[in-house]
Amino acid sequence: MNDRFPAAGADIEIGAESSARVRRRLLGKYVRLLVAVVSVPLLSIGAFGIWSSYQDHKSALMRLQHEQAEAAAAKIGQFISEIEGQIRLVTQLSNSASTTQQRRFELRLLQRQVPAITEVVQVDGDGREQLKVSRLAIDEINTGTDLSQEPKFVIAMATKVYYGPVYFQDESEPYMTLALAGPRRSGGVVIAEVNLKFIWEIVSRIKVGETGRAFVVDADGRLIAHPNSALVLRNTDLSRFPQVQRALRGDHGIAPEPVRSVSDPLNSEVLTSHAAITPPGWLMFVELPAKEAFAPIYSSLLVTGVVLFAGLSLAVFASFVLARRMVTPIRALQAGAARIGGGAFNQRIEIATGDELEALGRRFNSMAAQLEHSYQTLERKVDERTHQLKVANLAKSRFLAAASHDLRQPLHALGLFVAQLEGKVESAEGAEILVRINAAVDAMNELFNALLDISKLDAEVIKPSLTKFPIQTLLRRLETTFAESAREKELLLRVVPSTAWVCSDFILLERIMMNLASNAVRCTDCGGVVIGARRRGDTLRLEIWDSGSGIPDSQLQNIFAEFYQIAGPQGDRRGGLGLGLSIVQRLCSLLDHRIEVTSIPGKGSRFAILVPLASADVAFIEPKARAPIIDEPCRGKQVVVIDNDALVLEGMRWLLASWGCHVVTAPDDRAALTAVAKLGRLPDLIISDYRLSEGSTGFEAVAQLRSALGTAIPAFLISGDTAPERLHEAAASGFQLLHKPVQPNALRAIVSHFLKNDANVSCDAEMKI
Amino acid sequence: MKRRAFLTAFASAAVSLPFAAGAQQARRVRHVGVLMLYPESDPEGQLRARAFREGLEERGWVIGRNLQIDFHWGVGDLEWTSSAVAEMVKRAPEVLLANSAQAARAAQPASRTIPTVFIAGDPMTQGFVQSLAQPGGNMTGFTALNLGSKSLELLKEMAPPVARVAVLINPDNLSNMADTRLAAVAAEKLAVEAVAAPIRTVPEVEAAMEMIASKPNGGLIVPADPFLAGHRKLIVGLAARYRLPAVYAQRSFVVDGGLASYGASIPALFRQAAGYVDQILRGEKAANLPVQRPTTFELVINLRAANALGVGLTPQLLALANELIE
């Protein structure tokens with residue numbers, strides 16, 4: 001009955017493992033869910049914010065840059081325009097009919113006003129040079145050089161103004177020719193050489209952020225002004241750069257993407273924009289390194305990132321806390337359910353969340369209370385039933401004991417008388433009858449012994465002593481024992497040898513196997529019996545196979561019951577009392593060996609005993625099979641026999657006398673004392689019946705006798721009483737107790753044993769069956 | 001809780017790191033050595049030094065905080081300037097500024113390791129640079145232009161009677177020789193006789209002046225030269241004594257009583273040189289900076305000297321002058 005609950009507990013154990021995984025999943029699930037709920041909008045808003053601010057910033061940057069380019073272009077344009085203005089003034093003055101000196105002065109004044117002009121030439125309407133005023137060289141008057149074919153003259157005359165290409169003087173000074181025509185053709189053209197280094201000053205002073213720069217490119221894509229003058233002097237051609245190409249094409253849209261820097265193409269990416277410097281057709285470029293341009297974006301990105309990260313961690317933390325709060329009552333429920341499932345019905349779940357979970361907890365608790373109640377009821381019922389069974393069992397044993405006791409007395413005497421008779425009969429017929437009588441007496445002895453065994457086992461008096469021994473010894477003895485009977489029935493008996501060692505009680509195990517083998521031989525009419533041993537892991541299966549009639553499945557449980565016998569095909573009883581298997585079952589449960597039965601009706605049966613294997617290292621001494629000791633230690637010894645049954649007394653006296661002992665018989669200890677006193681010598685042995693008249697016991701009788709005689713004379717008791725209490729008492733008292741009916745040979749052996757070592761008889765060696 | 005604390009610490013550390021780095025870099029004090037032509041007492045020298053300092057300050061350097069300038073004053077011959085250079089080099093300057101060809105020549109050996117900016121004449125012929133556009137070595141700078149012809153023209157304009165002009169030159173100064181040639185060409189055109197007067201010592205100055213004054217209608221052209229500039233008071237005094245109209249190359253002569261000067265403003269060149277020094281300090285290679293010539297030229301006239309000499313100045317001339325000193 002107890003089997004059921006452990007099984008349930010085992011289920012719960014398995015359940016607990018997976019529920020641990022499930023428990024973790026719930027928390028994780030909630031955490032992930034909450035984090036997702038918070039972080040998805042947070043991240044998406046953040047990302048959108050960053051992206052839109054990036055776009056805004058970029059377009060603002062580009063606008064700003066473009067304005068810077070325009071402003072810078074304006075500065076340069078203004079510079080050129082101012083020079084133009086000054087020159088125009090001079091051309092207008094050239095109208096009047098002025099002397100060369102006056103003209104010279106005007107031109108020199110122009111030079112003083114415009115430091116950028118290094119040289120200025122007055123050309124008349126036909127293209128002839130009239131006057132050249134220089135800062136460095138001597139002025140030349142009326143050289144008459146013909147410049148009529150020069151583009152500077154021609155274009156100036158045609159369009160009023162001429163902007164020459166940029167050229168370098170002495171490879172280090174950039175110059176430009178600026179020619180203006182007067183309002184009248186006759187006025188001619190004033191051609192000025194403008195030193196563009198003055199533009200360099202302006203360009204270097206233009207501030208574009210911290211690390212940006214501005215530079216000027218002419219209509220052919222050549223660099224004409226740059227903060228790094230060396231680049232200009234190398235006559236760098238920038239027309240390959242895409243931004244320059246775009247600008248030259250006239251595409252004045254804002255280019256949003258960073259490009260390679262013109263100034264230091266290997267290193268930086270820059271944002272660039274340009275503006276046109278219209279009078280000379282130049283382009284002003286402004287570039288700002290992308291790193292500086294986007295620095296505010298990057299820093300705001302970083303800040304946003306940090307804030308997002310902080311927000312996210314906060315979200316994770318908060319969701320963790322929240323989820324835990326949600327999950328804790330669920331876990332409490334789970335744990336409580338586990339505990340209740342595990343059998344601890346007195347546990348109660350405490351949940352105080354004030355919601356459905358709390359209600360659920362309360363339901364669990366009431367369920368647990370119900371379970372507890374029913375479990376207690378069940379336990380109580382089980383206890384009652386067990387108690388009843390025990391009582392019944394005990395009653396049965398007592399009945400057996402009581403019944404057998406009354407039967408044992410006469411049987412004991414019968415045995416004695418038969419033994420007496422054996423020496424007296426002479427005729428063959430008489431001898432035959434005697435043999436049959438002996439057989440009958442033997443059978444009855446056997447039966448009574450079996451009953452006694454069962455009582456002993458039920459009383460739990462037998463204690464197994466476990467030793468390690470080779471199973472082969474047992475198998476050999478089996479073979480020896482049953483070979484004869486198998487041959488008689490023309491059955492094949494095969495005992496398979498084995499080298500295994502087992503750990504068990506040799507004698508009890510032998511008894512088990514003997515019973516099983518005896519059954520097998522008895523129940524098999526044709527075929528054979530096989531006995532063998534098979535190793536299975538760390539156990540040894542002792543198997544007995546027979547080819548008998550088999551046991552139907554419906555009766556497999558019942559065969560171990562007492563007095564049960566399977567009815568044969570002819571309906572006859574097979575002999576025996578049907579106690580063999582009951583003894584086997586009890587012995588097996590005492591030794592904790594499992595029994596297995598398999599049977600196919602009509603084919604045969606197999607019985608298996610599972611015995612634990614042992615390692616073969618212990619020296620084993622085979623207990624000797626008990627052979628009766630026929631010896632002469634009895635001769636001349638004085639024995640006292642006490643029994644209240646006269647018949648038994650008579651029988652005992654004769655038997656002992658036939659062995660050579662002097663016998664004194666008495667019904668009780670007082671009579672015995674009187675008789676012994678008459679003898680004049682101390683007895684060597686006292687044999688007493690257990691149950692004497694007037695309620696006194698054999699213990700008391702022996703004790704009285706011993707004390708009266710003053711010595712601890714060796715003694716043992718004989719009893720017909722097989723009740724468990726008697727057995728316990730006997731064991732407790734330390735006296736050896738034989739049970740009636742006692743076989744004469746066995747009696748002789750014990751008597752000899754006592755008389756032989758009367759000096760040091762050990763009283764605590766229990767006699768095994 | 002712990003996670004948040006860690007996070008804020010990390011974020012603040014990450015933000016403050018660049019500031020720390022930036023602050024670190026700013027604290028380094030840079031070092032510049034300057035070899036000045038004039039002595040410290042000379043106002044012209046002070047003008048130039050001031051222009052240089054201002055040029056650097058304009059570009060973001062704070063003298064005393066992130067920049068240290070060592071001035072080495074005085075006119076000297078080559079040996080003196082060599083020892084001055086050696087001393088200066090010991091203080092481990094990052095850039096050298098050398099005013100005058102002698103200083104530049106003395107600094108040339110040091111220039112192999114220390115970038116040098118010169119303000120001197122004729123760097124190509126002196127061997128400081130390979131070409132004006134691409135100096136090619138570790139020296140670059142600013143050079144003057146030879147205005148010999150224009151000076152003569154101006155002299156003739158101011159004092160038309162002048163028929164014989166002496167050009168005082170330092171024979172060791174190659175640019176002076178160029179000026180002489182230019183003056184000779186101009187003299188032809190202007191129908192004037194030009195005579196080169198080599199001067200190395202003070203007595204030679206007096207001798208040259210005497211020589212020119214010995215004949216009537218003499219004039220003087222004094223091109224730029226450190227020796228001559230160092231003795232300008234003497235030259236101006238002698239010119240006044242011998243009543244010789246003269247056109248000098250440098251304003252300092254006019255300040256000290258000379259009649260007129262036409263030349264580039266040297267302080268302006270110093271200001272521009274500050275730009276170069278700034279670029280070099282910021283990592284630019286001297287080989288990438290072209291040698292520059294002056295872009296502005298000044299006509300400075302001393303009115304008192306003009307009166308004393310009896311030179312009549314036309315209103316036009318007065319209008320054209322960039323500076324009038326009374």
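Cut-off values and rules
Residues numbered from 1 in each chain as written. Chains lettered and ligands numbered in written order. Predicted model: local features only at pLDDT ≥ 70, side-chain atom pairs only at ≥ 80, totals over all residues. Heavy atoms only, no water. Helix = DSSP H or I, 4+ residues; strand = E, 2+ residues; numbered from the N terminus. Buried < 20%, exposed > 50% of the residue type's maximum accessible area, 1.4 Å probe, protein only. Contact = heavy atoms within 4.5 Å. Areas by Shrake-Rupley, 256 points an atom, 1.4 Å probe, with all protein chains shown as cover. Polar contact = N/O pair within 3.5 Å; in protein donor to acceptor, adjacent residues only side chain to side chain. Pairing = 2+ DSSP bridges. Axes fitted to C-alpha atoms, helices over the stretch in contact; angles between N-to-C directions. pLDDT = per-residue confidence, 0-100. Core = buried A, V, L, I, M, F, W, Y, C linked by side-chain atoms within 4.5 Å. Bend = angle between axes of the 7 residues up to and from the residue. Salt bridge = Lys/Arg side-chain N within 4 Å of Asp/Glu carboxyl O.

## Section: the overall build of chain A
Argument step 1. Looking only at helices and strands, chain A features 17 helices and 23 strands.
Argument step 2. Expressed as a percentage of its 769 residues, the buried residues of chain A come to 43%.
Argument step 3. For chain A, restricting intrachain contacts to residue pairs at least 6 apart in sequence, the fraction spanning at least 24 positions comes to 65%.
Argument step 4. About 39,200 Å² of surface is accessible on chain A, with carbon and sulfur atoms providing 57% of the total.

## Observations regarding the side chain of Arg135(A)
Argument step 1. Note that Arg135(A) resides in the loop between strand S2 (129-134) and strand S3 (140-141).
Argument step 2. Of note is the side chain of Arg135(A), whose polar atom sits 2.9 Å from the backbone oxygen of Val114(A).
Argument step 3. From its side chain, Arg135(A) meets the backbone oxygen of Ile117(A) in a polar contact 3.0 Å long.
Argument step 4. Look past the residues within four positions of Arg135(A) in its chain and what remains in contact with it is Gln111(A), Arg112(A), Val114(A), Pro115(A), Ala116(A), Ile117(A), Thr118(A), Leu147(B), Lys150(B), Tyr262(B) and Phe297(B).

## Section: the sheet that holds strand S3 (residues 95-99) of chain B
Residue and element names in this part refer to chain B.
Argument step 1. Strand order in the open sheet made by the five strands is S2-S1-S3-S4-S5, with parallel pairing throughout. In this open sheet, the two strands that pair with only one neighbour each are strand S2 (67-72) and strand S5 (139-142). Put simply, the sheet's adjacent strands are angled 20 degrees from each other on average, direction ignored.
Argument step 2. Inspection of the sheet shows S3 paired to strand S4 (residues 116-119) by four bridges, in the parallel sense.

## Regarding the confidence of the model for chain A
Residues and elements named next belong to chain A.
Argument step 1. The pLDDT averaged across chain A works out to 80; a share of 88% of its residues lies at or above 70.
Argument step 2. Of all secondary-structure elements in chain A, the lowest mean pLDDT belongs to strand S9 (residues 259-260), at 70, while strand S16 (residues 539-546) reaches the highest, 92.
Argument step 3. Long-range and interchain partners of residues 1-15, a stretch whose pLDDT sits below 50, account for five contacts in this model, where long-range means more than four residues apart.
Argument step 4. Confidence drops under pLDDT 50 across residues 570-574; counting only partners more than four residues distant or on other chains, this segment forms eight contacts.

## Re the nonpolar core
Argument step 1. Judged by nonpolar contacts, the single largest core of 60 residues is most densely connected at Trp282(A) and Met284(A).
Argument step 2. Broken down by element, this core gets its largest block of residues, 11 residues, from helix H1 (residues 4-93) of chain A.

## Considering unusual backbone geometry
All names here are of chain A.
Argument step 1. The residue lysine 160 is not glycine, and still its phi comes out positive at about 80 degrees.
Argument step 2. Mapped onto the secondary structure, lysine 160 falls in the loop between helix H3 (151-159) and strand S4 (161-169).
Argument step 3. At glutamate 490, a position not held by glycine, the phi torsion is positive, near 55 degrees.
Argument step 4. Relative to the elements of secondary structure, glutamate 490 occurs in the loop between helix H10 (471-488) and strand S13 (492-495).
Argument step 5. The exposure class assigned to glutamate 490 is exposed, which follows from its relative accessible area of 71%.

## Here's the deal with the sheet that holds strand S22 (residues 715-719) of chain A
All names here are of chain A.
Argument step 1. A sheet is described by the order of its strands in space; here five strands give the open sequence S20-S19-S21-S22-S23, paired in parallel fashion. At either end of the open sheet lies a strand with only one pairing partner, and these are strand S20 (662-666) and strand S23 (736-739). Taken pair by pair, the neighbouring strands of this sheet meet at an average axis angle of 20 degrees, ignoring direction.
Argument step 2. Where strand S19 (residues 638-642) and S20 come together, five bridges link them in parallel fashion. Within S20, the residue paired with valine 641 across the bridge is threonine 665.
Argument step 3. With respect to the sheet, helix H14 (residues 669-679) is in contact with S19 and S20, its orientation differing from that of S19 by roughly 160 degrees.
Argument step 4. Against the sheet, helix H15 (residues 698-709) touches S19, strand S21 (685-689) and S22, its axis set at about 150 degrees to S21.

## Looking at helix H7 (residues 290-341) of chain A
Argument step 1. Pro296(A) marks where H7(A) bends most, by close to 40 degrees.
Argument step 2. With its phi angle positive at about 110 degrees, Gly343(A) sits one or two positions after the end of H7(A).

## A word on the pattern of salt bridges
One side chain can pair with another of opposite charge once the charged atoms of both are near each other.
Residues and elements named next belong to chain A.
Argument step 1. Enumeration according to the criterion identifies 37 salt bridges over all chains in this entry.
Argument step 2. Salt-bridge contacts for arginine 534 lead to glutamate 543; the nearest nitrogen and oxygen are separated by 3.2 Å.
Argument step 3. Exposure remark for arginine 534: the relative accessible area of 38% places this residue in the partly exposed category.
Argument step 4. Taking relative accessible area as the criterion, glutamate 543 reaches 4% and is therefore assigned buried.

## A closer look at the confidence of the model for chain B
All names here are of chain B.
Argument step 1. Averaged over all residues, the pLDDT of chain B is 84; the fraction at 70 or higher stands at 90%.
Argument step 2. Taken element by element, the predicted model of chain B shows its lowest mean pLDDT in helix H1 (residues 2-26) (56) and its highest in strand S9 (residues 246-248) (92).
Argument step 3. The ipTM, which scores confidence in the relative placement of chains, is 0.81 for this predicted complex, and the corresponding pTM is 0.55.

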